[in-house]
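# Descriptive structure summary
The lines below spell out each chain.
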Amino acid sequence: MLNRIVLMGRLVRDPELRHTQTGTAVASFTLAVDRDFKDKATGEKPTDFIDIVAWRQTAEFVTRYFTKGRMVVVEGRLQIRDWTDKEGNKRRSAEVIADNAYFGDSKKDAEAAGVAVVPPPGGYTNSYPPPAAPAGGDSFADFSDDDGELPF
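Residues numbered from 1 in each chain as written. Predicted model: local features only at pLDDT ≥ 70, side-chain atom pairs only at ≥ 80, totals over all residues. Heavy atoms only, no water.

### Thoughts on the overall build of the protein
The cut-off we apply is this: Starting at the N terminus, helices and strands are each numbered in turn, a helix being any DSSP run of H or I of at least four residues and a strand any DSSP run of E of at least two. We call two residues in contact whenever any of their non-hydrogen atoms come within 4.5 Å of each other. Every accessible area reported is derived by Shrake-Rupley at a probe size of 1.4 Å, with residue values counting cover from the shown protein chains alone.
Scanning the protein for helices and strands turns up two helices and six strands. Secondary structure of the protein in N-to-C order comes out as β-β-β-β-α-β-β-α. Sequence-distant contacts, at least 24 apart, represent 58% of the contacts inside the protein between residues at least 6 apart. Surface exposure of the protein reaches about 11600 Å², of which carbon and sulfur atoms provide 52%.

See below:
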């Protein structure tokens with residue numbers, strides 16, 4: 001059986017990080033995800049607000065690098081949870097258990113939209129040197145043994 005879900009949406013608020021009694025990190029957040037169609041009456045796309053729960057390293061990553069308004073891609077599974085409210089009524093909730101979370105926007109796009117961007121420890125740096133320019137300044141090379149025959 002298969003239970004996989006991929007969502008892309010904006011964070012409604014900053015993720016909330018908690019720890020279980022054994023010290024396991026768990027983060028809760030909500031994604032605002034637009035539907036693919038427009039409402040005929042208003043001309044706007046309806047939005048679904050989907051509760052997400054992330055555990056361990058994924059929880060720490062989400063709370064460290066994502067803030068309200070950032071575009072996030074979440075990969076995980078759908079889980080239905082039964083619970084009892086304060087009045088003793090049985091309730092049922094659907095939530096996504098996140099296995100992975102990815103940036104859905106660039107740092108530049110987020111800053112242009114006025115969303116706070118939290119840099120990782122050490123800042124945004126490229127640890128690799130830029131690639132060297134090819135000799136002769138041209139990045140394309142001619143085939144010297146081309147006989148003009150196509151292989152198909």
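### A word on the nonpolar core
As a reminder of what qualifies: As used in this record, nonpolar core signifies buried Ala, Val, Leu, Ile, Met, Phe, Trp, Tyr and Cys residues forming a set joined through side-chain atoms within 4.5 Å. When accessible area is computed with a 1.4 Å probe and restricted to protein chains, residues below 20% of their type maximum are described as buried, those above 50% as exposed, and intermediate ones as partly exposed.
Leu 11, Phe 29, Leu 31, Ile 52, Phe 66, Val 72 and Val 74 are the most contacted members of the largest nonpolar core, which has 17 residues in total. Those elements that place two or more of their residues in this core are strand E1 (5–11), strand E3 (25–34), strand E4 (47–55), helix H1 (56–65), strand E5 (71–84) and strand E6 (90–103). In terms of residue count, E3 provides more of this core than any other element does, five residues in total. Not counting the four nearest positions on each side in its chain, Leu 31 is found in contact with Leu 7, Gly 9, Arg 10, Leu 11, Val 12, Asp 48, Phe 49, Ile 50, Ile 52, Val 72 and Val 74.

### Here's the deal with the confidence of the model for the protein
Definition in use: Per-residue confidence from the predictor is reported as pLDDT, a score between 0 and 100.
Of all residues in the protein, 71% attain a pLDDT of 70 or more, and the chain-wide mean is 82. Every residue in residues 122–128 is under pLDDT 50, and counting partners more than four places away or in other chains gives four contacts.

### Here's the deal with the pattern of salt bridges
Rules: Each salt bridge in this description consists of a side-chain nitrogen of Lys or Arg and a carboxyl oxygen of Asp or Glu lying within 4 Å of one another.
All told, the structure shown has eight salt bridges when counted by the stated rule. Arg 18 is the salt-bridge partner of Glu 16, the closest N and O atoms lying 3.5 Å from each other. We classify Glu 16 as partly exposed; its relative accessible area is 44%. The partly exposed category is assigned to Arg 18, whose relative accessible area is 36%. One connected set of salt bridges, linked through shared partners, spans Arg 10, Arg 70 and Asp 105.

### Notes on the side chain of Asp 105
Convention followed: Pairs of N or O atoms within 3.5 Å make up the polar contacts considered here, provided that, within protein, one atom can donate a hydrogen while the other can accept it, and that residues adjacent in sequence are counted only when both atoms are side-chain atoms.
Inspection of the secondary structure puts Asp 105 in the loop between E6 and helix H2 (107–112). The exposure class of Asp 105 is buried, given its relative accessible area of 14%. One polar contact links Asp 105 to Arg 70, side chain to side chain, over a distance of 2.9 Å. Here Met 71 takes part through its backbone nitrogen, which lies 3.4 Å from a polar atom of the side chain of Asp 105.

### A look at the pairing of E4
Worth spelling out the cut-off: If DSSP finds at least two bridges between two strands, the strands pair.
In the sheet, E3 pairs with E4 via nine bridges, with the strands oriented antiparallel. Within the sheet, the bridge partner assigned to Thr 30 lies in E4 and is Asp 51.

### Focus on the environment of Val 74
If you trace the backbone, Val 74 turns up in strand E5. C-alpha separation for the pair Val 74 and Val 6, spaced 68 residues apart in sequence, amounts to 5.6 Å. Every residue in contact with Val 74, bar those within four places of it in the chain, is listed here: Ile 5, Val 6, Leu 7, Phe 29, Leu 31, Ile 52, Val 96, Ala 98 and Asn 100.

### Quick look at the side chain of Glu 95
Here Glu 95 lies in strand E6. With relative accessibility at 9%, the residue Glu 95 sits in the buried group. Within the structure, Glu 95 has its side chain in polar contact with the side chain of Arg 81 (distance 3.2 Å). Setting aside residues up to four positions removed in sequence, Glu 95 forms contacts with Asp 51, Val 53, Arg 77, Leu 78, Gln 79 and Arg 81.

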